[in-house]
Amino acid sequence: MPKKLSAFKEYKERQQPICMLTCYSFPTAQIVEAAGVDIALVGDSLGTTFLGYASTKDVTLDDMRYHVAAVKRGCAHTYTIADMPYQTYTNKEQALSNALLLIDAGADGIKLEGAETEVIAYLCEKEIDVCGHIGYLPQTAEAPKVVGKEIEAARQALADAKAVEAAGADMIVFELMPKELSAYISEQLSIPSIGIGAGQGCDGQVQVLDDLLGLSERTFKHARPYARHRSNAIAGIRQYCEDVRDKTFPTDENASHVDDAFIEELKNT
Ligand code: KIV
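Residues numbered from 1 in each chain as written. Predicted model: local features only at pLDDT ≥ 70, side-chain atom pairs only at ≥ 80, totals over all residues. Heavy atoms only, no water.

Visitor: Whenever I open this one, helix H10 (residues 229-245) confuses me. Can you help?
Guide: Working note: α-helix, 3.6 residues per turn, so residues spaced by three or four point in the same direction. Between the first and last C-alpha of H10 there are 24 Å, a value that for 17 residues agrees with the 24 Å anticipated at 1.5 Å per step. In the segment just after H10, Lys247 is the residue with positive phi, at about 60 degrees. (Helix = DSSP H or I, 4+ residues; strand = E, 2+ residues; numbered from the N terminus. Expected span 1.5 Å × (residues − 1).)

Take a look at the structure:
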């Protein structure tokens, strides 16, 4: 595993796409590592995807630490980035102490939303690996929306990406941006861009594991379900209930045994 996020710049230089995937638990982290994912992201999407919160804004630093630790136990050899939750990086000192808590829980680097250049520069100065995030920003945007379709928004996205790079970030996520804009901005940067709903011109891609495995109830334009675990799981569990109800599970093979004499002895005690 690369020890530093900056090592992924080499992937960009040799045009090797970077594969990032969210994960929130020990078993999925083991699966992500076994599948050879380059970077595991403990995203704050865990709030809505895994914890059933109404918004990613509800995710706390304690939530993140709990999940980062579980993920790291499952993928010790995969570079792991943790999202800094909403309002945990409102100034540089607060950001540093919270980032150190995530790193103490097992994160190799952190990700934060927006062109928060002062905070990013400070964390980098303290040798913390930082991944930026521009485009649609779930922690502050009102609703999901493609960002950069109007020329002013596109100029702003370009300026933000350059500012995040200049502040010292070693990677940047582009969420919900037009393909051509992401491709153009990616060319202007030396750090790798990782897209979600941002097209093929990015230096890598990130997806939410639950969307990829077909665990989510919803489907999204930016995602492709590579498996159908939700429907398979429901079918499997229905079958289990049916088998319990008609007494075909468990069978003798699923039980351990003592002989009749043993029960007789028990009766006589
Ligand atoms: O929280 C998350 O999962 C993310 C990705 C969508 C990039 O930030």
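Once you've had a look at it, read on.
Visitor: Can you walk me through the domain arrangement of the chain in this structure?
Guide: One widely used convention gives an interface's size as the accessible area the parts lose upon coming together. Taken domain by domain, the chain holds domain 1 (5-227) and domain 2 (232-267). For domain 1 and domain 2, the distance between their C-alpha centroids amounts to 46 Å. (Domains from an automatic or database assignment.)

Visitor: Can you walk me through the packing of aromatic side chains in this structure?
Guide: Any two aromatic rings considered together are summarised by their centre-to-centre distance and by the angle between their planes. Tallied over the entire structure, the rule returns four aromatic pairs. When the ring of Phe8 is compared with that of Tyr11, the centres are 4.9 Å apart and the planes differ by 50 degrees; the resulting orientation is tilted. Tyr11 shares its class with Phe8; the two are buried. Geometrically, the ring pair formed by Tyr240 and Phe249 is edge-to-face, given 6.1 Å between the ring centres and 65 degrees between the ring planes. Its relative accessible area of 46% is what places Tyr240 among the partly exposed residues. Classification of Phe249 by relative accessible area gives partly exposed; the value is 37%. (Phe/Tyr/Trp six-rings, centres within 6.5 Å; stacked < 30°, edge-to-face > 60°. Buried < 20%, exposed > 50% of the residue type's maximum accessible area, 1.4 Å probe, protein only.)

Visitor: Help me understand the nonpolar core, please; the structure alone is not making it clear to me.
Guide: Core analysis: the biggest nonpolar cluster contains 52 residues, and Ile110, Leu123 and Phe174 have the highest contact counts within it. Within the second largest apolar cluster, 15 residues are counted, among which are Leu5, Phe8, Met171 and Ile196. (Core = buried A, V, L, I, M, F, W, Y, C linked by side-chain atoms within 4.5 Å.)

Visitor: What should I look at first to understand the pattern of salt bridges in this one?
Guide: Close approach of charged atoms allows side chains with opposite charge to pair. What the rule picks out here adds up to 10 salt bridges. Here Arg14 and Glu10 are joined by a salt bridge, their closest N and O atoms 3.8 Å apart. Linking Asp203 and Lys12 is a salt bridge whose minimum nitrogen-to-oxygen distance equals 2.8 Å. Here Asp203 is found in the loop between strand S7 (193-196) and strand S8 (204-207), whereas its partner Lys12 is found in helix H1 (residues 9-13), with 191 residues between them in sequence. The exposure class of Asp203 is buried, given its relative accessible area of 16%. For Lys12, a relative accessible area of 15% puts it in the buried group. (Salt bridge = Lys/Arg side-chain N within 4 Å of Asp/Glu carboxyl O.)

Visitor: I'm lost on the side chain of Asp211 in this one. Help?
Guide: Turning to its location among the elements, Asp211 is positioned in helix H9 (residues 209-212). Here Asp211 occupies a buried position and makes no salt bridge, while the nearest side chain of opposite charge, Arg218, is found at 8.2 Å. Engagement of the side chain of Asp211 in a polar contact is seen with the side chain of Ser216, the distance being 2.8 Å. Apart from residues no more than four positions distant in its own chain, Asp211 is found in contact with Ser216, Phe220, His222, Ala223, Arg224 and Pro225. (Lys, Arg positive; Asp, Glu negative; His and termini not counted. Polar contact = N/O pair within 3.5 Å; in protein donor to acceptor, adjacent residues only side chain to side chain. Contact = heavy atoms within 4.5 Å.)

Visitor: Is there a simple way to explain helix H2 (residues 26-34) in this structure?
Guide: All buried positions along H2 are accounted for by Thr28, Ala29 and Val32. Buried residues of H2, viewed axially, fall in a sector of 105 degrees; they line one side. Residues of H2 that are exposed and angled more than 90 degrees away from the buried face: Ile31 and Ala34. Where H2 is buried, its residues touch strand S1 (18-22), strand S2 (39-42), helix H4 (61-74) and H9. Of the residues one or two after H2, Gly36 is the one with positive phi, at around 85 degrees. (Arc of directions from axis to C-beta.)

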